[in-house]
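Examination of the molecular architecture
Residue-level listing of the chains:
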Amino acid sequence: MRILLYNPDNGVTRNFMPHLWMFLLQALTPSGHEVVLIDGNAQPMDEEGIARYVREQNIGLVGIGAMTRMVAKAYRMADAVRAVGVKVVMGGPHVTELADEALGRDGGPRHADAVALGEADETWPRIVEDAVRGTLKEVYAPVDDFGQERKPSLQPYPEIPWDKIKLEQFNLLPGILHPLLKRVGGGWGTFRIIPVESGRGCPYGCEFCTVTGFFGDSIRFRTNESVVNELLLLKARARAEGGQIAVFFIDDNFAINVKRTKSLLRDIIAANAQVHWVAQISANLLRDEELVDLIAAAGGKWIFIGMESIDPANLADVKKGFNKPGEYAVVLDRLARRNVFAITSFIFGMDNDTPGVAERTLKEIRTWPPGLPIFGLMTPLPATPLYKRLEAAGRLTRPKHWQEFIPFAMAHTPLKMSIDEAHNEVRIGWASSYSPEAIEKAVDSLNHKLLGYRINIFIARLCFRGIYFPQMGRFAWLKSILENRRTIFKLIRQGFAGGLHAAVPLVTTEPVAEQRH
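1. Section: the sheet that holds strand β6 (residues 139–140)
Strand pairing within a sheet occurs via backbone hydrogen bonds; the two strands may be parallel or antiparallel. Within the open sheet, the 6 strands sit side by side as β2-β1-β3-β4-β5-β6. Their pairing is parallel. Among the strands making up the open sheet, the edge pair consists of β2 (34–39) and β6. When strand β1 (residues 2–7) meets β2, the two strands line up parallel, connected through 6 bridges. Across the sheet, the residue bridging to Leu-4 is Val-36, located in β2. Helix α1 (residues 20–28) rests against β1, β2 and β3 (59–65) of the sheet, and its axis sits at about 160 degrees to β1. Those strands touched by helix α3 (residues 71–83) are β1, β3 and β4 (87–91), and its axis lies near 160 degrees from that of β4.

Below, the structure written as C-alpha cells:
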C-alpha cells in the first residue's frame, strides 16, 4: 500500500522546518509499504491538489497530523481526500483533545475515518495493518492491557534513515541569497533545519501549554548513543551533498534534567558529532555556567527561551513563576559571551498587561545582546487549564477559534486592555524589532564579531520577520531583500574586505575558550 503522510500549513504562515512526526511514523511503518511525505509549509497544496495527488499516485491511506493553528486547513484537506474514497487517519495534540470533532460526533461534519490519540509510536503499525485488512477502527489509543495510558519509553528509539530520505522540499535558502552565501565559502548549496528529539515530556504544567497534557509530566529520554548517531548521520549527509544542516532539538525543555543534558553534550563533543543546533531551554536552567559552556562546545547556536513576560505577576498567573525577569539579561549575556544567542518569546494580552506593554518590553530587549524576539497573543488552546478558566469566567469571544484560523487575533477578552489594544501591542513589537533599521542595528552590534555571526543574525531576522509579516511568496521575499539592501551591501563589502576566513563561525564550531574572547 502507498501511504501519504501530510502535514498541513495553516494557509497563512509557514514553519521553518519539517515536523518530526512524519519521519518518525515513516520509520515505524511495517515493511512492504511505501510512505510518501508532503509538508504543506514547504510544498504548498490546496484541496484540489491533494485530491488529484492521491488519485494519480494510487494512495491507499493518508495520515494527517495537526496542531490547533493548522487544524482548519487539516480538516479541509482531509475532507478532500475522503471525497475521492481514500481513508484518512488524523492525530496530534488538537485531535487528541477533540477527537469527537474530527469524527463528527459533536454535531459537526466528520473529517476523519480514524483518529490516533496521543503519541502514535505503538499504535501506528496497527493502524496500517488494519487499513490493509479493511478493518480500520475509529479510535486508536496507546493503552496497556489494563486500559491505562502507556507512553513509549524512547528506548530503543526508531532509526530514521536521514541519509536516504528525500529532503528536497525543505531547502530554506531563497535563490536571491546565493551570491551572498557563496562569499561564506563552500557548502551552501542547501540549508535545512531538521527536527530531532532527545526526550519527551515536561513537568512544569504552564497554564496555557498543551505539552504536559499531551506528552505527560514524566520525562523520557533516548540514549546518548542514539542521539549522537543521528547527529553523525545528518552531519555526513550535509558533507556528502555539499550543503548545510542544522538541528532543532524539539524537546519541550532540552535541559530539564541538567545532569543528563551535560552527559549528552559531552558525548556529542567526544564523538565529534557537533552540528549547529537550536534547543528550547527555560531561563532558570541557564544559570549553570558549565551547562552553557557545554552547549557552546557541542554546537549550540540559538536557544529558544519562553520568557512570556517581564511582569512577575503575569508569570505567576500562568503558573510560570520559575521565570525570573530580573535574571533575563544575565542569562542572555552568559550565552552571548560564548557566541550563543537567544530566540526570546513574549506573550501579550495576559491578565496583568496594560497598553504600552510592547514598549516596556522593547525597552528591556534593547539592553540585551541581539537576538530574535518574537511576540504572540495569549491563546486559550482546547483542554488547557487556561481555556477552562476563561470558559468558566465567560471571557471567550471565539470559543472555537481554530475553526477559522486568524493569525495574531485574540479569542478572549483581556482584563486590562481591549482586544484591539492587544493586537496593536503585538504589531508594535514586530514592527520595532524587524524593520530594516532594527535589523541593521542588530547586525551592526556584532561588528566586533567575525562576519559569519553578522550574516547569521541577518538571515535569521529576515526569516523570523515572516512569522508576522506576509513573506510567503517570491515577490514578498524580493521586497524584503530590497528593503534591507543597505545591510546586504554592507555585509558584501565586509566579506570582500575580510576574505573567507571572516565567515568561519557559520561552517565550523570553535572551541569554547576562543568563543569567550
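2. Regarding helix α6 (residues 123–133)
Burial in α6 covers these residues: Thr-123, Trp-124, Pro-125, Ile-127, Val-128 and Asp-130. Buried positions along α6 lie against β1, α1, β3, β4, β5 (114–116) and β6.

3. Structural notes on the packing of helix α18 (residues 451–465) against helix α19 (residues 474–483)
The contact between α18 and α19 brings their axes to 11 Å, and the two run at 135 degrees. Relative to α19, α18 is oriented oblique. For the pair α18 and α19, the sense of crossing is right-handed. Between α18 and α19, the contacting residues are Leu-462, Cys-463 and Arg-465 on the first element and Trp-477, Ser-480, Ile-481 and Glu-483 on the second. In terms of residue class, the contact of α18 with α19 is made up of 4 nonpolar, 1 polar and 2 charged.

4. What to know about the packing of aromatic side chains
With the rule as written, the count across this model stands at 18 aromatic pairs. One Lys or Arg, Arg-222, reaches over the ring of Tyr-157 and ends 3.8 Å from the middle of that ring. Over the aromatic face of Tyr-434 sits the side chain of Arg-461, whose NZ or CZ is 5.4 Å from the ring centroid.

5. Notes on the packing of helix α16 (residues 419–434) against helix α17 (residues 436–444)
Contact pair α16 / α17: the axes reach a minimum separation of 5 Å and the direction vectors enclose 55 degrees. Considering their axes alone, α16 and α17 lie oblique with respect to each other. Counted together, Ser-432, Ser-433 and Tyr-434 of α16 and Pro-436, Ala-438 and Ile-439 of α17 form the full contact between these two elements. Of the residues assigned to the contact of α16 with α17, the class counts are 4 nonpolar, 2 polar and no charged.

6. Section: α16
Counted at 1.5 Å a residue, the expected span for α16 with its 16 residues is 22 Å, and the 23 Å between its end C-alpha atoms agrees. Restricting attention to buried positions, one finds in α16 the residues Ala-422, Glu-425, Val-426, Gly-429, Trp-430, Ser-433 and Tyr-434. All buried residues of α16 fall inside an arc of 135 degrees around its axis, so they share one side. Packing partners of the buried residues in α16 comprise β13 (341–348), α14 (357–365), β14 (372–377), α17 and α18.

7. A closer look at the sheet that holds strand β12 (residues 300–308)
Across the sheet, which stays open at both edges, the 6 strands sit in the order β7-β10-β11-β12-β13-β14 with parallel pairing between neighbours. Each of the sheet's edge strands pairs with one partner strand only, and the pair in question is β7 (191–196) and β14. With strand direction ignored, the average angle separating the axes of adjacent strands in the sheet is 20 degrees. Strand direction decides the pairing type here: β13 and β14, joined by 6 bridges, are parallel. From the neighbouring strand, Ser-345 faces β14, where its bridge partner is Ile-374.

8. Some remarks on the nonpolar core
Counting residues in each nonpolar core, the largest one holds 108 residues, and the members touching the most others are Trp-277 and Ile-305. Every residue in contact with Ile-305, bar those within four places of it in the chain, is listed here: Ile-281, Ala-283, Leu-286, Val-331, Leu-332, Leu-335, Ala-342, Ile-343, Thr-344 and Ser-345. Grouped together as the second largest cluster of nonpolar side chains are 42 residues, Ile-64, Met-70, Val-86 and Ala-99 included.

The rules we used
- Residues numbered from 1 in each chain as written.
- Predicted model: local features only at pLDDT ≥ 70, side-chain atom pairs only at ≥ 80, totals over all residues.
- Heavy atoms only, no water.
- Pairing = 2+ DSSP bridges.
- Helix = DSSP H or I, 4+ residues; strand = E, 2+ residues; numbered from the N terminus.
- Contact = heavy atoms within 4.5 Å.
- Axes fitted to C-alpha atoms, helices over the stretch in contact; angles between N-to-C directions.
- Buried < 20%, exposed > 50% of the residue type's maximum accessible area, 1.4 Å probe, protein only.
- Parallel < 35°, antiparallel > 145°, perpendicular 65-115°, else oblique.
- Left-handed = near helix turned anticlockwise from the far one by under 90°.
- Nonpolar A, V, L, I, M, F, W, Y, C, P; charged D, E, K, R; others polar.
- Phe/Tyr/Trp six-rings, centres within 6.5 Å; stacked < 30°, edge-to-face > 60°.
- Lys NZ or Arg CZ within 6 Å of the ring centre and 35° of its normal.
- Expected span 1.5 Å × (residues − 1).
- Arc of directions from axis to C-beta.
- Core = buried A, V, L, I, M, F, W, Y, C linked by side-chain atoms within 4.5 Å.

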